[in-house]
Amino acid sequence: AQMEFAPVSAARQAQVGEFRLQNNELPPALAHFEQALELEPAGLQGLDGQAVAWKKQGQTEKATANWLKLLASQEELFSFPKLQRVLERVREFKLEATFREPVEKFLKTYVKRNQTYGIGVVLPPALKLFGSAEEKVALLTRLAAQTETFPFVEQLLRLPAIDASRLSIQPLYEAAIA
């Protein structure tokens, strides 16, 4: 009870919200996530917790808006835990179709800024949103076009997530030598 009535930290409010969410007490959970967001407006736990509660109430649009907000915040300040959480929720709640375009936009910006730095961490969970091998290769080819193609493709081919035996990577090679 002490934690519940002490809105001193966003983390604490989000923690209580999580507890309420796990017990399927959605209105109280939402109230705690709201308090967490008043204290830390872009907080991962607050935005994500609120989104999960809304999703459980059937408010998919509101939930999606929160996860899109978390994804958009990556452009200002990259945070792998935030990106990872969004991608996990997208798969958990089967929202891949809604998120393919925003995730691709994020990846293009990421590649423009960072080339291959960190791509082995960022790319594999994002690739899971793209269903077929053809979709994945098409995405990789579009990403390669954002930077120096040959070094980028060379780095991609070293990643375990880019399994040349399962992906027809001919278009990638063609992009690299064009």
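The structure presented is a predicted model; accordingly, all values stated were derived computationally and were not measured.

**Student:** If you had to explain the packing of helix α5 (residues 80-92) against helix α7 (residues 119-127) to someone new, which residues and values would you point to?
**Tutor:** Between two packed helices, the angle of one axis relative to the other and the distance separating the axes together describe the packing. Across the interface, α5 lies against α7 with an axial gap of 10 Å and an inter-helix angle of 15 degrees. As summarised for this structure, α5 and α7 are arranged roughly parallel, according to the angle between their axes. Of the two elements, α5 crosses α7, and the hand of that crossing is left-handed. Here Phe 80, Leu 83, Leu 87 and Arg 91 of α5 come into contact with α7, specifically with Val 121, Val 122, Pro 125 and Ala 126.

**Student:** Which residues make up the packing of aromatic side chains, and what values do they have?
**Tutor:** Applying the stated criterion across every chain, the model contains 4 aromatic pairs. Consider the rings of Trp 67 and Phe 93, whose centres lie 5.5 Å apart with planes at 20 degrees: the pair is stacked. A residue pair is termed long-range when its members are at least 10 positions apart, and Trp 67 in helix α4 (residues 60-72) and Phe 93 in the loop between α5 and α6 (96-114) qualify at 26 residues. Looking at Trp 67, the relative accessible area reads 0%, which means it is buried. Residue Phe 93 is classed as buried on the basis of its relative accessible area, which comes to 18%. Taken together, a centroid distance of 5.9 Å and an interplanar angle of 45 degrees make the contact between Phe 106 and Tyr 110 tilted. Placement of the pair is Phe 106 and Tyr 110 together in helix α6, with a separation of 4 residues, close to one helical turn. What makes Tyr 110 buried here is its relative accessible area of 8%.

**Student:** For the pattern of salt bridges, give the residues involved together with the corresponding values.
**Tutor:** The final tally for this structure, using the stated rule, is 8 salt bridges. Across the pair Arg 142 and Glu 104 runs a salt bridge, and its minimum N-O distance is 2.6 Å. Remark: Glu 104 occurs in helix α6 and Arg 142 occurs in helix α8 (residues 133-144); sequence separation between them is 38 residues. Judged by its relative accessible area of 34%, Arg 142 falls in the partly exposed class. Its relative accessible area of 12% is what places Glu 104 among the buried residues. Among the charged side chains, a salt-bridge network with shared partners connects Asp 48, Arg 85, Arg 89 and Glu 92.

What counts and what doesn't
Residues numbered from 1 in each chain as written. Predicted model: local features only at pLDDT ≥ 70, side-chain atom pairs only at ≥ 80, totals over all residues. Heavy atoms only, no water. Axes fitted to C-alpha atoms, helices over the stretch in contact; angles between N-to-C directions. Helix = DSSP H or I, 4+ residues; strand = E, 2+ residues; numbered from the N terminus. Parallel < 35°, antiparallel > 145°, perpendicular 65-115°, else oblique. Left-handed = near helix turned anticlockwise from the far one by under 90°. Contact = heavy atoms within 4.5 Å. Phe/Tyr/Trp six-rings, centres within 6.5 Å; stacked < 30°, edge-to-face > 60°. Buried < 20%, exposed > 50% of the residue type's maximum accessible area, 1.4 Å probe, protein only. Salt bridge = Lys/Arg side-chain N within 4 Å of Asp/Glu carboxyl O.

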